[in-house]
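Topology and contacts: notes
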Amino acid sequence: MAIHKIILASFIVYLMIQFSHGATKERLFSDLEKDALDVTAKPSRQGVLDAGIDKLSITWKLRSTAKKQANFTTIKVKLCYAPVSQVDRPWRKTENELFKDKTCPHKIITRAYNKSSQSFKYTLDRDIPTGTYFVRTYAVDAKDHEVAFGQSTSEAKPTKLFSVQAISGRHKSLDIASVCFSVFSVLALLVFFVNEKRKAKLEQSK
Amino acid sequence: MAHRNEEEGSIGTSMHGVTAKEHVFSFSDQGEDAWSSHSVQSDDPTAMFAFPVDSEHKAKVFKPLSFAKPHMRAFHLGWISFFTCFISTFAAAPLVPIIRDNLDLTKTDIGNAGVASVSGAIFSRLAMGAVCDLLGARYGTAFLLMLSAPAVFSMSFVADAGGYLSVRFMIGFCLATFVSCSYWTSVMFTGKIIGLVNGCAGGWGDMGGGVTQLLMPMVFHIIKVAGATPFTAWRIAFFIPGFLQVIMGILVLTLGQDFPDGNLSTLQKKGDVSKDKLTKVFWYALRNYRTYVLFILYGFSMGIEMTINNVISEYFFDRFQLELHTAGMIAASFGMANFFARPIGGFASDVSARFFGMRGRLWTLWILQTSGGLFCVWLGRATSLPIAILAMMLFSFGVQAACGAIFGIVPFVSRRSLGIISGLTGAGGNFGSGLTQLPFFSSSRFHTADGLSLMGITAMIFTLLVAFIHFPQWGSMFLGPTSDNRTSKEEHYYVAEWTEEEKLQGLHEGSLKFAENSRSERGKKAAPDGTSTPLENENPANV
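Residues numbered from 1 in each chain as written. Chains lettered and ligands numbered in written order. Predicted model: local features only at pLDDT ≥ 70, side-chain atom pairs only at ≥ 80, totals over all residues. Heavy atoms only, no water.

Topic: the overall build of chain A
- Assigned secondary structure in chain A consists of two helices and nine strands.
- Along chain A, helices (α) and strands (β) appear in the sequence α-β-β-β-β-β-β-β-β-β-α when read from the amino end.
- By the burial criterion, 36% of the 206 residues in chain A qualify as buried.
- Counting only contacts in chain A whose residues sit at least 6 apart along the sequence, the fraction spanning at least 24 positions is 74%.
- With an accessible surface of roughly 12,400 Å², chain A has 60% of that area assigned to carbon and sulfur atoms. (Helix = DSSP H or I, 4+ residues; strand = E, 2+ residues; numbered from the N terminus. Buried < 20%, exposed > 50% of the residue type's maximum accessible area, 1.4 Å probe, protein only. Contact = heavy atoms within 4.5 Å. Areas by Shrake-Rupley, 256 points an atom, 1.4 Å probe, with all protein chains shown as cover.)

Given below as structure tokens:
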């Protein structure tokens, strides 16, 4: 019985530790200062961009109306999903709790904060999925906590979005290998089958 | 000891049928060995085997570490083939986070593909029993492995949701190896230990669903490190299960043997195996109400197990904010519990049969499956990670052991239609999986947690059907055997599957032999009969 009590006790202790994590206040997106930075993201060409090939010209600059700029240490620039690309895809869901939020999973660049206007020419990564995007910059303090953000689109009615077409991931050599191995598999089976039938017939005729 | 029955044609010990006037079956009678002119072999034909065998040449012991022909070799080839197919069928699940970005999938697309991945096998499992009866277990297995390998390779072509769904559907057909595997073990091992043997074969095969959650991400990572982009790497990763299938197919054909006495084609040509009529075999399966009960019951043990294989990784990832590989590890441990859970279920079934006969087997099944459902409800309710993992492990044990217990019962439902009923029960598993994935996990109607609890409750309700399985010779959960002297004999039950005409031709002799061996299902009351096989050779505790 003693071992049962020990197991139960350790479980309860563990649970209490788990629950105590929830006691600290989670950092929320709604607490961040909105529109602290002016962000523009200009695609290199019109129409749907190709991942791995096309570029984005991204610029960001501190807005005069920003209040918390004393805390800014680093600027993180990220590629974010527009609402239309989040439909029926709960793994891209926007959540208020920052650690749960999955709107902006793709990192573009991280730079130290500088008051003057910054720019970066970003080539779309080859693992960017097909979708509609905008760019958001987070201003992060020394504790690596987000304090403010700015984005290339407006909040109420998404404008200035751009679309990306992912690479297919297919290769001709892969296709050929696939066909070869498939044919081998079927042929090997047939060879065995026909061979065995023939042997059995020979046995019978003996 | 020379194992003469290895090579095709040199059946050696099976003299029955050599005059081509008697009708015999694959389990040929060895009692009266009339051909003394061929006195090269010893007088005891059963000494040709590595293990003690019964009158049907089925092994009476189970030694998992042995690879001896034909029994243990068939066991290992069977379960590894099934294991490989489980790897292929669920290979996409741990890679879904990459695939959904490459193919621009929605939750609905992913859910539908999950349903499709288990639906194909409903039909292939139904057909598989008949295919094994016609082609033998070796070719049944090899056909599945080597004809579905092209589907696995064709993942390299997939460009959208429709293609993804079609390929997962076609790969899923190979889950019928479950039927060919349990058919193979059922013809190789005797009734007393069949629960344990099938439990091990089924359980170790099912483990593939867990192993794939670790294997595929690992292969994907290695290929990425070697230089491929993610959207190409996952396609290359699928070549691994494809290769495994082709290799296993070749091994099955070169190393395996259909029956203890030889291969099907040789036995048939020698007049040793009579081909039974497919329509008759099917008819006797459909006429037996127990077939339908087992179909539903397996849907709520194996069915929910397969559903969990498809959804559990994502569930832990989302609900508890875990890393992808952590969620994958937890998902893998669900499937890997099969290694001991299912054999324990089969073993529990066999042990309960020793004391309480068939009634013991039925109660064991009910207890295991109901507790599985109960823990599934708890899993859905759990809000903290350690409780959820505990609930999941208990849940996995319950349902997987229940799977083992069901297949301790299946071999006794029919002798003539064993293949078809195995297939139908197996198909029920896939049907249950599709049935539970569709309402509970493919729409946004329920949070996944509620879906899990509802699935558990549904499982507990349907498991009550076990009470309706009744054998006139052995009884059921609550009723005893019939008091009628004639119908309470095992022979009556099994021979009832043959018409008078067929009995005159002697086609039912295999069933008679089986009935004799099945007297063990009376539990402790079997001893006075004197015809049950002696216990001293049996050692099912070799797990």
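Notes on the domain arrangement of chain B
Residues and elements named next belong to chain B.
- Partitioning chain B into structural domains gives domain 1 (66-268) and domain 2 (276-522).
- Between the C-alpha centres of domain 1 and domain 2 the distance comes to 21 Å.
- Counting from both sides, the interface comprises 45 residues of domain 1 and, opposite them, 47 residues of domain 2.
- Approximately 3,800 Å² of surface area, both sides summed, lies buried where domain 1 meets domain 2, with 66% of it carried by carbon and sulfur atoms.
- Applying the counting rule to domain 1 against domain 2 returns one salt bridge.
- Between Asp 206 and Arg 342 there is a salt bridge, and its shortest N-O distance comes to 2.8 Å.
- Remark: the boundary between domain 1 and domain 2 carries eight residue pairs in polar contact (both at pLDDT 80 or more). (Domains from an automatic or database assignment. Buried area = accessible area lost by both parts, 1.4 Å probe. Salt bridge = Lys/Arg side-chain N within 4 Å of Asp/Glu carboxyl O. Polar contact = N/O pair within 3.5 Å; in protein donor to acceptor, adjacent residues only side chain to side chain.)

Description of the interface of chain B and chain A
- The partner chain A presents 44 residues to the 47 residues of chain B that form the contact.
- Carbon and sulfur atoms make up 67% of the area that chain B and chain A hide from each other, which totals about 4,100 Å².
- Our count for the contact surface shared by chain B and chain A stands at three salt bridges.
- In this structure, A:Arg89 engages B:Asp104 in a salt bridge whose closest nitrogen and oxygen atoms are separated by 3.0 Å.
- Counting the contacts that link chain B with chain A gives 17 residue pairs in polar contact (both at pLDDT 80 or more).
- Only α2 (96-102), α3 (107-135), α4 (137-153), α9 (230-237), α10 (239-255), α11 (264-269) and α17 (385-413) of chain B provide two or more residues apiece to the side of chain B that touches chain A.
- Ranked by residue count, the leading element in the side of chain B that touches chain A is α4(B), at nine residues.
- Residue composition of the side of chain B that touches chain A, grouped by class: 26 nonpolar, 13 polar and eight charged. (Nonpolar A, V, L, I, M, F, W, Y, C, P; charged D, E, K, R; others polar.)

Notes on the pairing of strand β3 (residues 55-62) of chain A
All names here are of chain A.
- Here β3 shows a buried face lined by Leu 56, Ile 58, Trp 60 and Leu 62 and an unburied face lined by Lys 55, Ser 57, Thr 59 and Lys 61.
- When strand β1 (residues 37-43) meets β3, the two strands line up antiparallel, connected through seven bridges. Residue Lys 42 lies in a different strand from β3, and its bridge partner there is Ser 57.
- In this structure, β3 lies alongside strand β6 (residues 118-123), joined through six bridges in antiparallel fashion. Its bridge partner being in β6, Leu 56 is matched across the sheet by Tyr 122. (Pairing = 2+ DSSP bridges.)

With respect to the packing of aromatic side chains
- Across all of its chains, the model carries 44 aromatic pairs over all chains by this definition.
- Ring centres of B:Phe62 and B:Phe75 lie 4.9 Å apart, and the angle between their planes is 80°; this geometry places the pair in the edge-to-face category. Pair noted here: B:Phe62 is in the segment before α1 (71-89) and B:Phe75 is in helix α1, with a separation of 13 residues, a long-range link.
- Among the residues examined, B:Phe75 registers a relative accessible area of 0% and is labelled buried.
- Ring geometry for B:Phe178 and B:Tyr298: centres 5.8 Å apart, planes at 20°, overall stacked. Residue B:Phe178 is found in helix α6 (residues 177-188), and its partner B:Tyr298 is found in helix α13 (residues 289-299); the two are separated by 120 residues along the sequence. Exposure class is identical for B:Phe178 and B:Tyr298. Each is buried.
- A network of ring pairs unites the aromatic residues B:Phe62, B:Phe75, B:Trp79, B:Phe83, B:Phe189, B:Trp204 and B:Phe339 as a single cluster.
- Between A:Arg136 and the ring centre of A:Phe149, over which it is positioned, the NZ or CZ distance is 5.3 Å.
- Positioned over the ring face of B:Trp498 is B:Arg416, at 3.7 Å from the centre of the ring. (Phe/Tyr/Trp six-rings, centres within 6.5 Å; stacked < 30°, edge-to-face > 60°. Lys NZ or Arg CZ within 6 Å of the ring centre and 35° of its normal.)

Some remarks on the nonpolar core
- If you look at the biggest cluster of nonpolar residues, it comprises 86 residues, and the most contacted ones within it are B:Phe62, B:Phe75, B:Trp184, B:Phe189, B:Leu365 and B:Ile406.
- Of the residues that make up this core, three or more belong to each of domain 1 (66-268) and domain 2 (276-522) of chain B.
- The residues touching B:Phe189, leaving out its near neighbours within four places in the chain, are B:Lys58, B:Ala59, B:Val61, B:Phe62, B:His71, B:Met72, B:Phe75, B:Ile194 and B:Val197.
- Core analysis: the next-biggest nonpolar cluster, separate from the first, contains 57 residues, A:Ile75, A:Val77, A:Tyr113 and B:Phe220 among them. (Core = buried A, V, L, I, M, F, W, Y, C linked by side-chain atoms within 4.5 Å.)

Let's talk about unusual backbone geometry
- Here B:Lys69 and B:Pro70 are connected by a cis peptide whose omega angle stands at -20°.
- Positionally, B:Pro70 belongs in the segment before α1.
- The residue A:Lys160 is not glycine, and still its phi comes out positive at about 55°.
- As for its position among the elements, A:Lys160 is in the loop between β8 (146-151) and β9 (162-165).

Section: the sheet that holds β1(A)
Residues and elements named next belong to chain A.
- Judged by pairing direction, the sheet is antiparallel, and its three strands sit side by side in the order β1-β3-β6 without closing on themselves. Every interior strand has two partners, whereas the edge strands, β1 and β6, have only one. Taking the axes of each pair of neighbouring strands and ignoring which way they run, one obtains an average angle of 15° across the sheet. (Axes fitted to C-alpha atoms, helices over the stretch in contact; angles between N-to-C directions.)

Things to note about the state of the cysteines
- Tallying each qualifying case throughout the model produces one disulfide over all chains.
- A sulfur-sulfur distance of 2.1 Å marks the disulfide that ties A:Cys80 to A:Cys104. In this structure the cystine formed by A:Cys80 and A:Cys104 twists about its S-S bond by roughly 100°; its chirality is therefore right-handed. Taken together, the residues A:Cys80 in strand β4 (residues 74-81) and A:Cys104 in the loop between β4 and β5 (106-112) connect sequence positions 24 residues apart. Residues A:Cys80 and A:Cys104 agree in their burial class; the two are buried.
- Unpaired in terms of disulfides, B:Cys376 finds its nearest cysteine sulfur in B:Cys403, a separation of 13 Å. (Disulfide = S-S within 2.5 Å.)

Here's the deal with the packing of α3(B) against helix α18 (residues 418-441) of chain B
- α18(B) packs onto α3(B) with a crossing angle of 170° between their chain directions and a minimal axis gap of 7 Å. As summarised for this structure, α3(B) and α18(B) are arranged roughly antiparallel, according to the angle between their axes. (Parallel < 35°, antiparallel > 145°, perpendicular 65-115°, else oblique.)

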